[in-house]
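# What the coordinates show
The lines below spell out each chain.
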Amino acid sequence: MSALLLKKPGKQMNAKCIGELLIKGELFLKGNGIIDAEQEAVLLLSYLLSRERSYIYINRNMPVPSIKIEKFNQWLKMRSGGTPLQYITGFQNFMGLEFAVTKKVLIPRPETELLVEKVIQLIEMFPERKQICLLDIGVGSGVIPITICHYFKDKNKNIDFHAVDISSEAIGLASRNARRLHCQNNIHFFQGNLFQPFRRKEQFGYFDGIISNPPYISKNEWDNLPDEIRLFEPALALLGGEKGIDFYKIIIKEAPEFLKPGGFLALEIGHQQKNIVCRLINDNTNFQEEIKTFRDYYQNDRGIIAFKRASC
Ligand code: GLN
């Protein structure tokens, strides 16, 4: 008997097909309180097999190798224990791009896509400007600079991004994401605290825009966050001090020193922080009085854009 024939029946006995795993996964997740059990089972299988979700639906009879089944079972257990899906698969989609994520960085949120869209619109308002110099404070997985650079690729605009994070793990991951998504030549990464790496003006000059989705959860909100966030995502990326505004205070105070005249400051904010953050900006005479604000899909206040005065 040939080796091939000997091997085949064994493999088939161990193998289960996609459809069976899908049902098993859904039932297991549902039984453990996961609300979107079906969607999540499909997503886990699609990452497990490195296939599109549609492939999972269409190929229900396709056998799955036992090593993958073992991994799937592990993933189901992790998910049922509360680990966010993204830390299991290692990826999160953001504006159509796949970003690697680890438990050392915040999982990118759809709300932040709005901030990116607003910044893209701002940049597009000046078609004659071919060279744009931007700074992202608290880069995390790198979603903000990478999606902006990716968008302007081949659009006859040179984006020169600087990105900083206090976490060296975040800087490592964001650099890897930049390379994976072919934006590494546009983004310079720095490990450091807020503006600290950019103090040497002769080296860095001034920025056309500063963007940040800083940690903005207050102490009170933190205590009430779902376990899935509080126990798994890094506090460093979420907690903004007692009232959640510590980082806004520093960024708003220091940003004008690093912005060109007329340059913008675009911030994501918590849904109850519009008034306090607007006040911080209005109290700083280096900013123009007019502030733009925007809401998210749930109609919660989610972002603020302010401009440095043209002469100061
Ligand atoms: N800029 C990253 C994001 O928006 C990380 C933000 C953070 O860690 N607070 O996902």
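What you see is a predicted model, and the numbers here were worked out from it, not measured in a lab. (Residues numbered from 1 in each chain as written. Predicted model: local features only at pLDDT ≥ 70, side-chain atom pairs only at ≥ 80, totals over all residues. Heavy atoms only, no water.)

### Description of helix α2 (residues 18–31)
For α2, which comprises 14 residues, the first-to-last C-alpha distance of 20 Å matches the rise-based estimate of 20 Å (1.5 Å per residue) to within 8%. Of the positions making up α2, those classed as buried are Ile18, Gly19, Leu21, Leu22, Gly25 and Leu29. For α2, the arc enclosing every buried residue in end-on projection is 160°, short of the 170-degree limit, so these residues lie on one face. Summarising the geometry of α2, the exposed residues directed more than 90 degrees from the buried face are Ile23, Leu27 and Gly31. Where α2 is buried, its residues meet β1 (16–17), α3 (37–48), α4 (53–58), β2 (63–64) and α5 (66–80). One or two residues past the end of α2 sits Gly33, with phi positive at roughly 85°. (Helix = DSSP H or I, 4+ residues; strand = E, 2+ residues; numbered from the N terminus. Expected span 1.5 Å × (residues − 1). Buried < 20%, exposed > 50% of the residue type's maximum accessible area, 1.4 Å probe, protein only. Arc of directions from axis to C-beta. Contact = heavy atoms within 4.5 Å.)

### Considerations on the nonpolar core
One finds Leu134, Ile148, Ile187, Ile211 and Phe264 to be the most contacted residues of the largest nonpolar core, which totals 35 residues. In terms of residue count, the dominant contributor to this core is helix α7 (residues 110–124) (7 residues). Contacts of Ile211, omitting those with residues within four sequence positions, involve Leu115, Val119, Leu134, Leu135, Asp136, Ile137, Ile144, Ile148, Phe161, Phe264 and Ala266. In this structure, Phe195, Phe204, Phe207 and Tyr216 belong to the second largest nonpolar core, which totals 29 residues. (Core = buried A, V, L, I, M, F, W, Y, C linked by side-chain atoms within 4.5 Å.)

### Focus: unusual backbone geometry
Here the phi dihedral of Met95 falls at roughly 50°; this positive angle occurs in a residue that is not glycine. Relative to the assigned elements, Met95 resides in the loop between β3 (91–94) and β4 (97–100). Take Met95: its relative accessible area is 31%, and that puts it in the partly exposed class. Unlike most non-glycine residues, Gln299 shows phi in positive territory, near 65°. Judged by its relative accessible area of 53%, Gln299 falls in the exposed class.

### Let's talk about the pairing of strand β5 (residues 131–137)
Here β5 lies mainly inside the structure; 6 of its 7 residues are buried. The sheet contact formed by β5 and strand β6 (residues 158–165) spans 7 bridges and is parallel. Paired with Cys133 across the two strands is Asp160, which belongs to β6. A crossover links β5 with its parallel partner β6, the connecting element being helix α8 (residues 143–152), and its sense is right-handed. (Pairing = 2+ DSSP bridges. Right-handed = clockwise from strand over helix to strand, strands pointing away.)

### Observations concerning the sheet that holds strand β11 (residues 301–307)
Spatially, the 7 strands line up as an open sheet ordered β7-β6-β5-β8-β9-β11-β10, and their pairing is mixed. The open sheet has two edge strands with one neighbour each: β7 (187–191) and β10 (292–295). Between one strand and the next, the sheet's axes are offset by a mean angle of 15°, whatever the strand orientation. Where β5 meets strand β8 (residues 207–212), 4 bridges bridge the pair, whose relative direction is parallel. Looking at the pairing, Asp136 lines up with Ile211 of β8. The strands touched by α7 are β5, β6, β8, β9 (259–268), β10 and β11; relative to β9, the strand with the most contacts, the crossing angle is about 160°. Running at roughly 160° to β9, helix α14 (residues 246–258) makes contact with β5, β8 and β9 of the sheet. (Axes fitted to C-alpha atoms, helices over the stretch in contact; angles between N-to-C directions.)

### Regarding the confidence of the model for the protein chain
In the predicted model, the protein chain carries a mean pLDDT of 94, and the fraction of residues at 70 or more is 95%. Low confidence marks residues 1–14, where pLDDT is under 50. Its contacts with residues over four positions away, or in another chain, come to 3 contacts. (pLDDT = per-residue confidence, 0-100.)

### A closer look at the site of the ligand
Within the structure, the ligand sits among Leu106, Pro108, Thr112, Gly138, Val139, Gly140, Val143, Ile144, Asn213, Pro214, Pro215 and Ala237. At 2.8 Å, a side-chain N or O of Asn213 approaches an oxygen atom of the ligand. Between the ligand and the protein, one listed contact pairs a nitrogen atom with a backbone N or O atom of Ala237 at 2.9 Å. Against a free-state accessible area of 300 Å², the protein chains account for coverage of 97% of the ligand. For the shell around the ligand, the class distribution of residues is 8 nonpolar, 4 polar and no charged. (Near = heavy atom within 4 Å. Polar contact = N/O pair within 3.5 Å; in protein donor to acceptor, adjacent residues only side chain to side chain. Areas by Shrake-Rupley, 256 points an atom, 1.4 Å probe, with all protein chains shown as cover. Nonpolar A, V, L, I, M, F, W, Y, C, P; charged D, E, K, R; others polar.)

### What about the packing of α2 against α5?
Two elements in contact, α2 and α5, have axes whose closest approach is 10 Å; the angle formed by their N-to-C orientations is 20°. Between α2 and α5, the interaxial angle falls into the category roughly parallel. Here the hand of the crossing between α2 and α5 comes out right-handed. Here α2 contributes Leu21, Lys24, Gly25, Phe28 and Leu29 to the contact with α5, which in turn contributes Ile69, Phe72, Asn73, Leu76, Lys77, Arg79 and Ser80. Of the residues contributing to the contact of α2 with α5, the split by class is 6 nonpolar, 3 polar and 3 charged. (Parallel < 35°, antiparallel > 145°, perpendicular 65-115°, else oblique. Left-handed = near helix turned anticlockwise from the far one by under 90°.)

### A few points about the pattern of salt bridges
Enumeration over the complete set of coordinates arrives at 14 salt bridges. Here Arg79 makes a salt bridge to Glu228, at a shortest N to O gap of 3.4 Å. Note that Arg79 is positioned in helix α5 and Glu228 in helix α12 (residues 227–230), a separation of 149 residues in sequence. On the basis of relative accessibility, which here comes to 4%, the residue Arg79 falls in the buried class. Relative accessible area serves as the criterion here: at 33%, Glu228 is assigned to the partly exposed category. (Salt bridge = Lys/Arg side-chain N within 4 Å of Asp/Glu carboxyl O.)

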